[in-house]
Amino acid sequence: MLILEGPRAVGKTTLARIQLEPAGYSYATLADRATLRFAASDPEGWLRRLPRPAIIDEAQLLPELPLVVKEHVDTLGLGNHYVLTGSASIGRSGLGGADPLARRASRLTMLPLTSWEIAGLSGSVVDLLLDAEIRPCVLPETDDDALLADLAYGGFPAYTLQRERLSRSRLRERVASDVLAVLSSSALPDMAINPVIGLDALDALARTPGATFNASRLAQLLDFDRRTVDRYLGVFGRLFLLHWLPNRATVPSRQSHARAKVHPVDTSLTVESLERAGADVLRTRELFGQVLESHVTNQVLAAQVWAERTTTAYHWRQAGSPVHEVDIVLEAFGGRRIGIEVKAASRVDPSDLRGLRALREHLGLDRGFVVYTGTEVRELDDSLWSLPVTAFRTTTWAGPRVSRGPARQ
């Protein structure tokens, strides 16, 4: 069976129905209140009466469903009998936090559209960053105003695919309304959510994209107790509103959110939140750089899902004096490692390579990139390249891939 999860309104239902209903799958949605009441009254009986194979939409709305599906699937033969979709994580709250469908289901996370997808490109930019021959070249220029517009519209289909008909002012209203709707909805029936507290906490995180998380500082800023902060972190995680990049420099057994970088799942959330607070993102260069870093992070994390090579994403921050850090570190199965630094500048200075060089010295680095707002793809040092942010919507900089390890199994 398959579990298809992801933030609200990324197209999970549309994808599942278009691809699977013509193949004979039935469809039922628990977002329909009558269906949910009927299913909740007798989950096992309702499930057994569904024509198989079946798509069950918004499956997280019935918290006991994963256990029922587990027991039912165990009695069936081989085959993909159910596809569960959810705009919140499915089956993560039962069995003491364990996943009752582990080893019985494949989980896929569907994220907002990337620049790569919007441009209609095939393959994954992650595979190219890892293995392609890099071609020195000059890519088309993009000015800061156009780039900020890209960040504001982000990757949710309802925003970016309606861009010609959705003004920036209307976009801000739409994003704010949609975020509040997500926090006000009953998408997580097993967790009571106060939308006011949720919005305050989400704003505080969205307005510092790419910052290292500090729960105590956030609790003090919002005048919340630490338990409330931890609880809403769980809510945001289950609703797929944030990405967490753990610190590769931290011992895995000690890893925690406190050492992770936090990014919004889509830059539209951050730009709207910052502008609602009165920030001028374009004129405040530090803010612009932070949002740009989140944009590149979102491109990479989404592209991981369909890449041929399995990778794990981190950031790297080495304590000491001076402090060295790299915004994104990708490690492929087999040990290949690349680093990505993001700079909101039209040129790359030698100092921009310090983090990548330090990472190469401490952990090893096969290839590094400084993603920036300029136009040149150029090797700046041994296997360290400047890469325009526009490279995430074109393949002209990438030559043939060189096989360097096993593909995703």
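Please refer to the structure placed before this passage.
Rules behind the numbers
Residues numbered from 1 in each chain as written. Predicted model: local features only at pLDDT ≥ 70, side-chain atom pairs only at ≥ 80, totals over all residues. Heavy atoms only, no water. Phe/Tyr/Trp six-rings, centres within 6.5 Å; stacked < 30°, edge-to-face > 60°. Buried < 20%, exposed > 50% of the residue type's maximum accessible area, 1.4 Å probe, protein only. Lys NZ or Arg CZ within 6 Å of the ring centre and 35° of its normal. Helix = DSSP H or I, 4+ residues; strand = E, 2+ residues; numbered from the N terminus. Arc of directions from axis to C-beta. Contact = heavy atoms within 4.5 Å. Pairing = 2+ DSSP bridges. Axes fitted to C-alpha atoms, helices over the stretch in contact; angles between N-to-C directions. Polar contact = N/O pair within 3.5 Å; in protein donor to acceptor, adjacent residues only side chain to side chain. Core = buried A, V, L, I, M, F, W, Y, C linked by side-chain atoms within 4.5 Å. Salt bridge = Lys/Arg side-chain N within 4 Å of Asp/Glu carboxyl O. Patch = residues over 30% accessible without salt bridge, like charges linked within 9 Å, V, L, I, M, F, W, Y side chains within 5 Å. Areas by Shrake-Rupley, 256 points an atom, 1.4 Å probe, with all protein chains shown as cover.

1. Notes on the packing of aromatic side chains
Per the stated rule, a full pass over the model turns up three aromatic pairs. Centre to centre, the rings of F156 and Y159 are 5.8 Å apart; their planes meet at 70°, and the pair counts as edge-to-face. You'll find F156 and Y159 in the same group, each marked buried. The ring of Y27 has R17 sitting right over it, with the charged end atom 3.7 Å from the ring centre.

2. A closer look at helix α1 (residues 12-20)
Buried residues of α1: K12, A16 and L20, and no others. Each buried residue of α1 lies within a common arc of 25° when the element is viewed along its axis, so the set occupies one face. Contacts from the buried residues of α1 go to β1 (2-5), β3 (54-57) and β4 (82-86).

3. Observations concerning the sheet that holds β4
What the five strands build is an open sheet, ordered β2-β3-β4-β1-β5; its pairing is parallel. Taken across any chain shown, the strands that pair with only one partner, and hence form the sheet edges, are β2 (26-29) and β5 (106-109). For this sheet, the mean inter-axis angle between neighbouring strands, taken without regard to orientation, is 15°.

4. Looking at the environment of F240
Mapped onto the fold, F240 is located in the loop between α12 (226-238) and β9 (242-245). Separated by 130 residues in sequence, F240 and M110 have C-alpha atoms that sit 9.7 Å apart. Apart from the residues lying within four places of it in its own chain, the contact partners of F240 are E5, G6, P7, S87, A88, S89, T109 and V265.

5. Describing the side chain of T29
Its location among the elements puts T29 in strand β2. Here the side chain of T29 touches A31 through a polar contact of 3.1 Å, landing on its backbone nitrogen. When neighbours within four sequence positions are excluded, T29 is seen to be in contact with T35 and D57.

6. Considering the nonpolar core
Within the largest apolar cluster, 86 residues are counted, with the highest numbers of intra-cluster contacts made by F213, F236, L239, V296 and W397. Top contributing element to this core by residue count: helix α14 (residues 285-306), with nine residues. The contacts of L239, once residues within four sequence positions are left out, are P7, S87, A88, V182, L183, A187 and L188.

7. Focus on the sheet that holds strand β13 (residues 337-342)
The sheet built from seven strands is open, its strands ordered β7-β15-β16-β14-β13-β12-β11 with mixed pairing. The open sheet has two free edges, formed respectively by β7 (137-138) and β11 (311-318), since each of these has just one partner strand. As defined by bridge partners, β13 adjoins strand β14 (residues 367-372) across five bridges and the pair is classed as parallel. Residue pairing in the sheet places I340 in a bridge with F369 of β14. Contacts between α14 and the sheet are confined to β11, β12 (324-332), β13 and β14, with β12 contributing the most and set at about 10° to the helix. Here helix α15 (residues 354-362) sits on the sheet in contact with β11, β12, β13, β14, β15 (376-381) and β16 (384-388), set at roughly 55° to β12.

8. Comments concerning the pattern of salt bridges
Counted according to the given criterion, the structure contains 31 salt bridges. Measuring nitrogen to oxygen at the nearest pair gives 2.8 Å for the salt bridge that ties R168 to E275. In this pair, R168 sits in helix α9 (residues 168-184) while E275 sits in helix α13 (residues 267-276), placing the two residues 107 residues apart along the sequence. Taking the relative accessible area as the measure of exposure, R168 reaches 25% and is therefore partly exposed.

9. Describing the environment of T250
You can see T250 is positioned in the loop between β9 and β10 (261-264). Residue classification places T250 among the buried residues on the basis of a relative accessible area of 9%. With 66 residues separating them along the chain, T250 and W316 place their C-alpha atoms 8.5 Å apart.

10. Here we look at a nonpolar patch on the surface
Among the surface-exposed residues, L108, V305 and W306 lie close enough to one another that they form a single nonpolar patch of about 240 Å² accessible area. Checked against the element boundaries, V305 lands in helix α14.

11. Notes on the pairing of β16
Of all five residues making up β16, five are buried, and the element is well covered by its neighbours. Two strands pair when backbone bridges link them, and β14 and β16 are joined in this way by five bridges, in the parallel orientation. The partner of V371 across the bridge, within β16, is L387. Pairing between β15 and β16: three bridges, direction antiparallel. The residue bridging E379 from the neighbouring strand is W385, located in β16. Connecting β15 to the next strand, β16, in antiparallel fashion are two residues, including S383 with a positive phi near 65°.

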